[in-house]
Amino acid sequence: LKRWGISLETGELLWESEPEAQNNYYTMIDNVYDGKLFTAGYGGELLAYNITTGEIAWRYEAKNVGSESPYGNYPINIFAIADGKIYIGAGEHSPSQPLWRGSVLRCIDADTGE
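**Q** Explain the pattern of salt bridges to me, using residue names and the numbers behind them.
**A** Tallying each qualifying case throughout the model produces six salt bridges. Lys2 serves as the salt-bridge partner of Glu16, at 2.8 Å between the closest nitrogen and oxygen. Of this pair, Glu16 sits in strand 2 (residues 13–16) while Lys2 sits in the segment before strand 1 (4–6), and the two are 14 residues apart along the sequence. Assessed through its relative accessible area of 33%, Lys2 is described here as partly exposed. Each of Arg3, Glu20 and Asp30 takes part in salt bridges that share partners, so that together they form one network.

**Q** I'd like a rundown of a nonpolar patch on the surface, residues and numbers included.
**A** A cluster of nonpolar residues, Leu1, Tyr25, Tyr26 and Met28, forms a patch on the protein surface that exposes about 380 Å² of accessible area. Note on placement: Met28 falls in the loop between strand 2 and strand 3 (31–33). Look at Met28 and you get partly exposed, because its relative accessible area is 43%.

**Q** Run through the nonpolar core, naming residues and quoting values.
**A** Membership of the largest hydrophobic core comes to 16 residues, with the highest contact counts inside it found for Phe38, Leu46, Trp58, Ile86 and Ile88. The element that contributes the greatest number of residues to this core is strand 8 (residues 85–90), accounting for three residues. With near-sequence residues (within four places) excluded, Trp58 lies in contact with Lys36, Phe38, Leu46, Leu47, Ala48, Ile86, Ile108, Asp109, Ala110, Asp111, Thr112 and Gly113.

**Q** Which residues make up the environment of Gly44, and what values do they have?
**A** Checked against the element boundaries, Gly44 lands in the loop between strand 4 (36–39) and strand 5 (45–50). The sequence separation of Gly44 and Ala62 amounts to 18 residues, and the corresponding C-alpha distance is 5.2 Å. Those residues in contact with Gly44, other than ones at most four positions away along the chain, are Asn24, Tyr60, Glu61, Ala62, Asn73, Tyr74 and Ile76.

The rules behind the values
- Residues numbered from 1 in each chain as written.
- Predicted model: local features only at pLDDT ≥ 70, side-chain atom pairs only at ≥ 80, totals over all residues.
- Heavy atoms only, no water.
- Salt bridge = Lys/Arg side-chain N within 4 Å of Asp/Glu carboxyl O.
- Helix = DSSP H or I, 4+ residues; strand = E, 2+ residues; numbered from the N terminus.
- Buried < 20%, exposed > 50% of the residue type's maximum accessible area, 1.4 Å probe, protein only.
- Patch = residues over 30% accessible without salt bridge, like charges linked within 9 Å, V, L, I, M, F, W, Y side chains within 5 Å.
- Areas by Shrake-Rupley, 256 points an atom, 1.4 Å probe, with all protein chains shown as cover.
- Core = buried A, V, L, I, M, F, W, Y, C linked by side-chain atoms within 4.5 Å.
- Contact = heavy atoms within 4.5 Å.

Remember, this is a structural readout, not a statement about activity or role.
Next comes the structure, spelled out in structure tokens:
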């Protein structure tokens, strides 16, 4: 799973990313906010790319507790971005019971990844 930045004015390839975490291709809901491309998925990584250069500004990892998640990290999805905050939830379409301890809503700073 890679990302590419292409100029809308010239059609020129501006940048190409390194491959993202395995399983991040599940979900593939990307968001653009404040000059950054935000990506997340079942690989459990939230990445903030500089939309112009393709450089990774920061990376957040939803680390697994023990061996609860079969994906390694907790699978995450971006649910909302507002007021400089990114809201992500952990889970998937067919969660096992009981729910994982990491199946929580997280609030991430869009500037720093904290």
